[in-house]
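# A look at the structure
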Amino acid sequence: MALEWQEPSLSTGKVKNYIVLYKLSQPSNYWNVVRTNDTQVYLRDIQPKSEYTVRVLVLTTSNVTYQSQAFTLEPGIGMSFMFIFY
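Residues numbered from 1 in each chain as written. Predicted model: local features only at pLDDT ≥ 70, side-chain atom pairs only at ≥ 80, totals over all residues. Heavy atoms only, no water.

We now examine the overall build of the chain. A count of helices and strands for the chain gives 0 helices and 7 strands. Listing the helices and strands of the chain from first to last along the sequence gives β-β-β-β-β-β-β. Buried residues in the chain amount to 36% of all 86 residues. When the accessible surface of the chain is summed, it comes to about 5700 Å², and 48% of that surface belongs to carbon and sulfur atoms. (Helix = DSSP H or I, 4+ residues; strand = E, 2+ residues; numbered from the N terminus. Buried < 20%, exposed > 50% of the residue type's maximum accessible area, 1.4 Å probe, protein only. Areas by Shrake-Rupley, 256 points an atom, 1.4 Å probe, with all protein chains shown as cover.)

Right, let's get into the nonpolar core. Residues Leu3, Trp5, Val20, Val41, Leu43 and Val54 are the most contacted members of the largest nonpolar core, which totals 13 residues. If you list the elements that add at least two residues to this core, you get β2 (15–24) and β5 (52–60). Per element, the largest residue contribution to this core is 4 residues, and it comes from β5. (Core = buried A, V, L, I, M, F, W, Y, C linked by side-chain atoms within 4.5 Å.)

For Leu73, the position within the fold is in strand β7 (residues 71–73). Remark: the alpha-carbon pair of Leu73 and Glu51, spanning 22 residues in sequence, is separated by 5.5 Å.

A separate point is the packing of aromatic side chains. Within a pair of aromatic rings, the relevant descriptors are the distance that separates the centres and the angle that separates the planes. Throughout the structure, instances matching the rule amount to 2 aromatic pairs. Between Tyr22 and Tyr52 the ring centres are 6.5 Å apart and the planes differ by 55°, which places this aromatic pair in the tilted class. Taken as a pair, Tyr22 in strand β2 and Tyr52 in strand β5 lie far apart in primary sequence, 30 residues in all. Judged by its relative accessible area of 4%, Tyr22 is buried. Since its relative accessible area comes to 4%, Tyr52 is described here as buried. (Phe/Tyr/Trp six-rings, centres within 6.5 Å; stacked < 30°, edge-to-face > 60°.)

Across the chain, the average pLDDT comes to 82, with 86% of residues at 70 or higher. When mean pLDDT is taken per element in the chain, strand β3 (residues 32–36) scores highest with 94 and β7 scores lowest with 79. (pLDDT = per-residue confidence, 0-100.)

Attention now moves to the environment of Asn17. Within the element layout of this structure, Asn17 appears in strand β2. With 18 residues separating them along the chain, Asn17 and Arg35 place their C-alpha atoms 7.2 Å apart. With residues near it in sequence (within four places) discarded, Asn17 still touches Arg35, Thr36, Asn37, Leu57, Val58 and Leu59. (Contact = heavy atoms within 4.5 Å.)

Bringing the pairing of β2 into the picture now. Among the 10 residues in β2, 7 count as buried, and that is most of the element. Sheet topology note: the β2/β3 ladder contains 5 bridges and is antiparallel. Counterpart to Tyr22 in the pairing with β3 is Asn32. (Pairing = 2+ DSSP bridges.)

Set out below in structure tokens:
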């Protein structure tokens, strides 16, 4: 499953890289982690017809970390989200 977002405008520093966290919404406590310098990633080992919780972290050159709100995605359903980082 591909996931894409727009680079956020930040009040502190510039984007160094992103960390995408995703997991099965239920019952998993284990987060998969993908690190990227781009504004898109491919989420691996996604199970069809299962809901996933996804969060994106932004690491900046000034060592400040921003995170998006968590979203729930279901593979196979076209969805679009605006990630808001705080």
